[in-house]
Amino acid sequence: MSDTPFVVVEGLHFSRGDKEIFRGVDLTIQRGRITAIMGPSGTGKTTLLKLIGGQLVPDAGRVLIDGEDVHRQSRRALFTMRRRMGMLFQSGALFSDLSVFENVAFPLRVHTDLPEAMIRDLVLMKLEAVGLRGARDLMPSELSGGMARRVALARAMALDPELILYDEPFVGQDPISMGVLVQLIKRLNEALGLTSIVVSHDIKETLTIADYVYVIADGEVMAHGTPQSLDLDQDPRVSQFVHGEPDGPVPFHYPAVDFTTDILNAGGGR
Amino acid sequence: MISRITHLGRRGCELLEALGRAGIFMAQSAVGVPSREGWHLWLRQMHFVGVLSLAIVLVSGLFIGMVLALQGYTILVDFGAEQALGQMVALSLLRELAPVVAALLFAGRAGSALTAEIGLMKATEQLTSMEMIGVDPLRRVVAPRLWAGFVALPLLTIGFSVVGVYGGYLVGVEWLGVFEGSYWGNMQASVDFIGDIGNGMLKSLVFAVVVTWIAVFQGYDLVPTSEGISRATTRTVVYSSLAVLGLDFVLTAMMFGGLS
Amino acid sequence: MKRSKMMELGVGLFMLAGILGLVFLGLRVSGLTFQAPGDTFRLEANFANIGGLKPRARVTMAGVTVGRVSAIELDTDWYDARVILELDGDLEGKLSRDTTAAILTAGLLGEQYIGLTVGGDPETLAGGDTIRDTQSAVVLEELIQQFLSNMISD
């Protein structure tokens, strides 16, 4: 593995309406590693993936993938660039009108002129890798949430991308399928030499597979390092998040005026 | 007072912006070279918006033709002019009722379904994931639906007219006893192929473009939540019904208004 | 695969039905005919008053439709109406020169049409000829006026 970073995010600013989501985020994602981006819900982690994928345009800053600025590409070049990326969506986002087989075959049919027999072989290979070769004729509505996500993973890998973006892969999974997914991500990354970005707030699972972790809060990178170093981090905010304590510097309460004043005011205001 | 005017201005700007977005959306979707794949997608949508809407359109057409004949007869018979029944049924169907009623039914049956389907695809991130795979969802999802709508509604309107004329025949000739020869003869003497059937078809084509456009755009532009989908479906039916009725007046004035 | 074949068949039938429907509307409802232009011939007839006669009105003979009115214009030589009739080609050279054309009304308020009656002249009308003997439309107001003036003079 070379040491040149595959994805570089520099001084990223993004706001939606009046709300500032990112205020200067810098990330460096090494080739062939699993990098986790974590943070409390609502910190715009999915937005970050969309910025990396070029679906949203930042207000300032840039995103380089393999040295090329994503947001400076023409529409055509961007679509070509996306062939080198796979993205696993939170809901799986399988095409509901196509069978499992056709879903995985979709990127191949769109981007290649391979003969039908070869497409079949490739699709079965990808489905075998996620353990769902037997489910090829099912429709997405017949799959469980975990299976749908595995099919989506097979689809994301169909074109042998160099980069895979995982959007909350563990949310809403039972412990077994969660374990299966953790194993899959880890194994695929090692076997295929992929670069992976995992966005998640499931700390335990993410820390077991990640090589490097960024913690984002309040629109900025709050901490970064290897899972071990974060575990030992002295910053109370980081340790609250990593150890999952309910109250601390990140408050349990939504900002409000003092409780007693609030109650008395409401009573007297009428 | 000032704030009212400001509010009005803001609504105006929002309206213009939405229209602009819809226009760009339409232009990006409707153009493009159809591929073999695209042909298949179009076929599937034709089945969905066309074939599956056929039953409701034909049944409505039959009843409307029958009612027209019944009402027309009671009025015409007072003037001893019941032999003009065929003319009345055919002209009101071809010029007005078939294009308008078929378009309204189409908006309710196919338009709302199109909105909901595309909205659901948006809500489940299917459109985004398609984009990430490197496929333009406008081409892949929207374009076949647009073109299917453009073709299906005029065909449905033809079906509506045929069945309506036959329904008028059933009631007028078979039941009320209007002479069969004068039913068809009067109809043929007064209906002009270009002026009546052609203009009716033209109307139907305009309605097809407007209704499908509204339906598909509402689906693509909605807020991807269950509430957003239900609102957008309602908006599709309301906007397209209003657009059809309003445009019908404008088109009628342009086509038949100048004639003596 | 089978399902998609069924679907294609359905769409095919749907489109075929649409086209057949349009043909039905054309032939049965608007009475469109696909006769070659050579199958008809034209006659002219001048009327003092055509009443409510319209282009495309029927031309009949003994109640049988034999043609249509193709155009109506004002003849500025005589200031009367020149009506151009389009008649079946079979009749060319068979109508006598003293054929009369009358504007008749179907029922009290029905449409107006032209009725032709053949005379006894051995000479016949050819394409482009003019029918001399014509009978104008009955205009209700004129009838009433006549009736009233007759009453008064009585």
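Computed from a predicted model, the values in this text were never measured in an experiment.

## As for the overall build of chain B
What chain B contains, in helices and strands, is 8 helices and 0 strands. The principal-axis extents of the C-alpha atoms in chain B amount to approximately 70 × 55 × 30 Å. In chain B, which comprises 260 residues, the proportion classed as buried is 50%. In chain B, of all internal contacts separated by at least 6 residues, the share reaching a separation of at least 24 is 85%. If you average the places of the 15 positive and of the 17 negative side-chain charges in chain B, the two averages end up 12 Å apart.

## Points about the overall build of chain A
Counting secondary structure elements, chain A contains 10 helices and 10 strands. Principal axes of the C-alpha set define a box for chain A whose edges measure 75 × 40 × 40 Å. Within the span of chain A, comprising 270 residues, buried residues form 48% of the whole. Contacts in chain A between residues at least 24 apart in sequence constitute 63% of all its contacts with a sequence separation of at least 6.

## Side note on the nonpolar core
Counting 77 residues, the largest nonpolar core has Met46, Leu85, Phe106, Tyr183, Met187 and Val191 of chain B together with Val29 of chain C as its most contacted members. Those residues in contact with valine 29 of chain C that lie beyond four places of it in its chain are Ala90, Leu94, Val165, Met187, Gln188 and Val191 of chain B together with Phe24 of chain C.

## Comments concerning the packing of aromatic side chains
Taken as a whole and assessed by the stated rule, the structure comprises 10 aromatic pairs over all chains. Where phenylalanine 95 of chain A meets phenylalanine 106 of chain A, the ring centres are 4.8 Å apart and the plane angle is 65 degrees; that geometry is what we call edge-to-face. Remark: phenylalanine 106 of chain A occurs in helix H3 (residues 100-111) and phenylalanine 95 of chain A occurs in the loop between strand S6 (85-88) and H3; sequence separation between them is 11 residues. Given a relative accessible area of 1%, phenylalanine 95 of chain A falls into the buried group. Taking relative accessible area as the criterion, phenylalanine 106 of chain A reaches 3% and is therefore assigned buried. Here the aromatic rings of tyrosine 166 of chain B and tyrosine 169 of chain B are separated by 6.0 Å at their centres, their planes lie at 25 degrees, and the arrangement is stacked. Of this pair, tyrosine 166 of chain B and tyrosine 169 of chain B both sit in helix H5 (residues 137-175), separated by 3 residues, roughly a single helical turn. With a relative accessible area of 43%, tyrosine 166 of chain B lands in the partly exposed category.

## Considerations on the UniProt feature "domain: ABC transporter" (unreviewed entry) in chain A
Within the UniProt annotation, "domain: ABC transporter" (unreviewed entry) is assigned to residues 7-243 of chain A. Spanning residues 7-243 of chain A, this segment combines 39% helix with 26% strand, and its end C-alpha atoms are found 28 Å apart.

## Focus: the UniProt feature "transmembrane region" (unreviewed entry) in chain B
All names here are of chain B. Following the UniProt record, one finds the feature "transmembrane region" (unreviewed entry) at residues 48-77, 146-169, 205-224 and 236-259. Secondary structure within residues 48-77 divides into 97% helix and 0% strand; the distance between the first and last C-alpha atoms comes to 43 Å. The straight-line gap between the two end C-alpha atoms of residues 205-224 is 30 Å; of that span, 85% is helix and 0% is strand.

## Thoughts on the interface of chain A and chain B
Taken together, the contact between chain A and chain B spans 24 residues of the former and 14 residues of the latter. Note on chain A versus chain B: buried area summed over both sides is about 1800 Å², and carbon and sulfur give 59% of it. Looking only at chain A, the three residues that lose the most surface to chain B are Phe79, Phe95 and Phe106 of chain A, adding up to 26% of its buried area. Where chain A touches chain B, the interface holds 0 salt bridges. Inspection of the chain A/chain B interface yields 7 residue pairs in polar contact (both at pLDDT 80 or more). Counting residues per element, the ones that place at least two in the side of chain A that touches chain B are helix H2 (75-82), S6, H3 and strand S7 (163-167) of chain A. Broken down by element, the side of chain A that touches chain B gets its largest block of residues, 4 residues, from H3 of chain A. Looking at the side of chain A that touches chain B, its residues break down into 12 nonpolar, 6 polar and 6 charged.

## Here we look at the environment of threonine 100 of chain C
All names here are of chain C. Mapped onto the elements, threonine 100 comes out in strand S5 (residues 100-105). For threonine 100, a relative accessible area of 24% puts it in the partly exposed group. If we ignore the near neighbours within four places in the chain, the residues touching threonine 100 are Gly115, Leu116, Thr117, Ile131 and Asp133.

## Notes on the pattern of salt bridges
Opposite charge on two side chains allows them to pair when their charged atoms are near. Tallied over the full model, the rule gives 20 salt bridges over all chains. Where arginine 11 of chain B meets glutamate 14 of chain B, a salt bridge forms, and the shortest distance between an N and an O atom there is 3.9 Å. Of the two residues, arginine 11 of chain B and glutamate 14 of chain B both sit in helix H1 (residues 2-30), 3 residues apart, roughly one turn of that helix. As a salt-bridge pair, lysine 203 of chain B and glutamate 96 of chain B come within 2.9 Å of each other at their nearest N and O atoms. One end of the pair, lysine 203 of chain B, is in helix H7 (residues 193-221); the other, glutamate 96 of chain B, is in helix H3 (residues 85-123), and 107 residues separate them in sequence. Residue classification places lysine 203 of chain B among the buried positions, given a relative accessible area of 0%. Linked through salt bridges whose partners overlap, the residues forming this network are Arg31, Asp66, Arg84 and Glu162 of chain A.

## Considering unusual backbone geometry
Unusually for a residue other than glycine, aspartate 66 of chain A sits at a positive phi of about 50 degrees. A positive phi angle, near 55 degrees, is found at tyrosine 79 of chain C, a position not held by glycine. A relative accessible area of 62% means that tyrosine 79 of chain C is categorised as exposed.

## A closer look at helix H4 (residues 126-133) of chain B
Residues and elements named next belong to chain B. The buried fraction of H4 amounts to 7 of the 8 residues, a majority that puts the element mostly inside the structure. Residues Gln126, Leu127, Thr128, Ser129, Met130, Met132 and Ile133 constitute the buried set of H4. Glycine 134 sits one or two residues past H4 and shows a positive phi near 100 degrees.

## Things to note about the packing of H5 of chain B against H7 of chain B
In a packed pair of helices, the relevant descriptors are the angle between the two axes and the axis-to-axis distance. All names here are of chain B. At a minimum axis distance of 8 Å, the contact between H5 and H7 shows a crossing angle of 150 degrees. Crossing handedness for the pair H5 and H7: right-handed. Within the contact between the two elements, H5 uses Pro137, Leu138, Val142, Arg145, Leu146, Gly149, Phe150, Leu153, Pro154, Thr157 and Ile158 and H7 uses Met201, Ser204, Leu205, Phe207, Ala208, Val209, Thr212, Trp213, Val216 and Tyr220. For the contact of H5 with H7, the per-class residue count stands at 16 nonpolar, 4 polar and 1 charged.

The rules behind the values
- Residues numbered from 1 in each chain as written.
- Chains lettered and ligands numbered in written order.
- Predicted model: local features only at pLDDT ≥ 70, side-chain atom pairs only at ≥ 80, totals over all residues.
- Heavy atoms only, no water.
- Helix = DSSP H or I, 4+ residues; strand = E, 2+ residues; numbered from the N terminus.
- Buried < 20%, exposed > 50% of the residue type's maximum accessible area, 1.4 Å probe, protein only.
- Contact = heavy atoms within 4.5 Å.
- Lys, Arg positive; Asp, Glu negative; His and termini not counted.
- Charge placed at Lys NZ, Arg CZ, Asp CG, Glu CD.
- Core = buried A, V, L, I, M, F, W, Y, C linked by side-chain atoms within 4.5 Å.
- Phe/Tyr/Trp six-rings, centres within 6.5 Å; stacked < 30°, edge-to-face > 60°.
- UniProt positions renumbered as here; feature names shortened; annotations may be inferred.
- Buried area = accessible area lost by both parts, 1.4 Å probe.
- Salt bridge = Lys/Arg side-chain N within 4 Å of Asp/Glu carboxyl O.
- Polar contact = N/O pair within 3.5 Å; in protein donor to acceptor, adjacent residues only side chain to side chain.
- Nonpolar A, V, L, I, M, F, W, Y, C, P; charged D, E, K, R; others polar.
- Axes fitted to C-alpha atoms, helices over the stretch in contact; angles between N-to-C directions.
- Left-handed = near helix turned anticlockwise from the far one by under 90°.

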